[in-house]
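Working through the structure, step by step
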Amino acid sequence: MPSEKVIRSSKALEKKQWTVAFVESCTAGRMSSEFALTPGSGKVLIGGIVCYDASLKETLLDVPHDLIEKYTPESAEVTATLANNFCKFSGSDICIAITGLIAPGGSETPEKPVGTVFLNAVFPNKTVARRVVFKGSPEEIVLLAVDEAAAIILDELESESVIM
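The text that follows walks through the structure, step by step, so that each part is easy to find. (Residues numbered from 1 in each chain as written. Predicted model: local features only at pLDDT ≥ 70, side-chain atom pairs only at ≥ 80, totals over all residues. Heavy atoms only, no water.)

Moving on to the sheet that holds strand β2 (residues 45-50). Reading across from one edge, β2-β1-β3-β4-β5 is the order of the five strands in this open sheet, with mixed pairing throughout. The sheet is open, and its two borders are formed by β2 and β5 (126-133), each paired with just one other strand. On average, each strand axis in the sheet is inclined to that of its neighbour by 15°, with strand direction left out of account. Inspection of the sheet shows strand β3 (residues 94-100) paired to strand β4 (residues 116-123) by six bridges, in the antiparallel sense. Residue pairing in the sheet places Cys95 in a bridge with Val122 of β4. Lying on the sheet, helix α7 (residues 138-158) is in contact with β1 (20-24), β3, β4 and β5; it crosses β4 at an angle near 30°. (Pairing = 2+ DSSP bridges. Helix = DSSP H or I, 4+ residues; strand = E, 2+ residues; numbered from the N terminus. Axes fitted to C-alpha atoms, helices over the stretch in contact; angles between N-to-C directions. Contact = heavy atoms within 4.5 Å.)

Structural data, given as structure tokens:
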């Protein structure tokens, strides 16, 4: 069952007659899945791409290898590139990319611990980027990240900044 935030953001998208697409790394499709379970999802969810491994980020979504080498696959810079590149062909009103560290073994450092998630949401007239550090199990971190994406949608659709 999707969270209340996911349900509310899906309803807000439907009310505005907007669509969303996701580029998912650390959530591995969970964000698309949660949105697919909401009433009216067929009207708002275009779909998504899972690019868990850096090789897919490079080959499928044209993220330069040098960018990944410089900043790591789980970074604000790579996440922004994923969102912008996917928006070029997704056909959605909103495109949200997510990368992060949900378990040990990635590019974690003391400055970027496990639980660090990067989100980048491209709207028709603005971009919203967030870096959040969550605590919990890998599944808890993923669900918190999904809720964070839903919160970005709600925040922007309920503000005057995206009213066109």
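What follows covers the pairing of β3. With respect to burial, β3 is a largely interior element, seven of its seven residues being buried. Residue alternation in β3 divides its side chains into two sets, Ile94, Ile96, Ile98 and Gly100 and Cys95, Ala97 and Thr99, and both sets are buried. (Buried < 20%, exposed > 50% of the residue type's maximum accessible area, 1.4 Å probe, protein only.)

With that settled, consider the side chain of Glu24. On the secondary structure map, Glu24 appears in strand β1. At a separation of 3.1 Å, a polar atom in the side chain of Glu24 contacts the main-chain amide nitrogen of Gly29. One polar contact links the side chain of Glu24 to the main-chain amide nitrogen of Met31, over a distance of 2.8 Å. With near-sequence residues (within four places) excluded, Glu24 lies in contact with Gly29, Arg30, Met31, Ser32, Ile49, Val50, Cys51, Tyr52 and Ile98. (Polar contact = N/O pair within 3.5 Å; in protein donor to acceptor, adjacent residues only side chain to side chain.)

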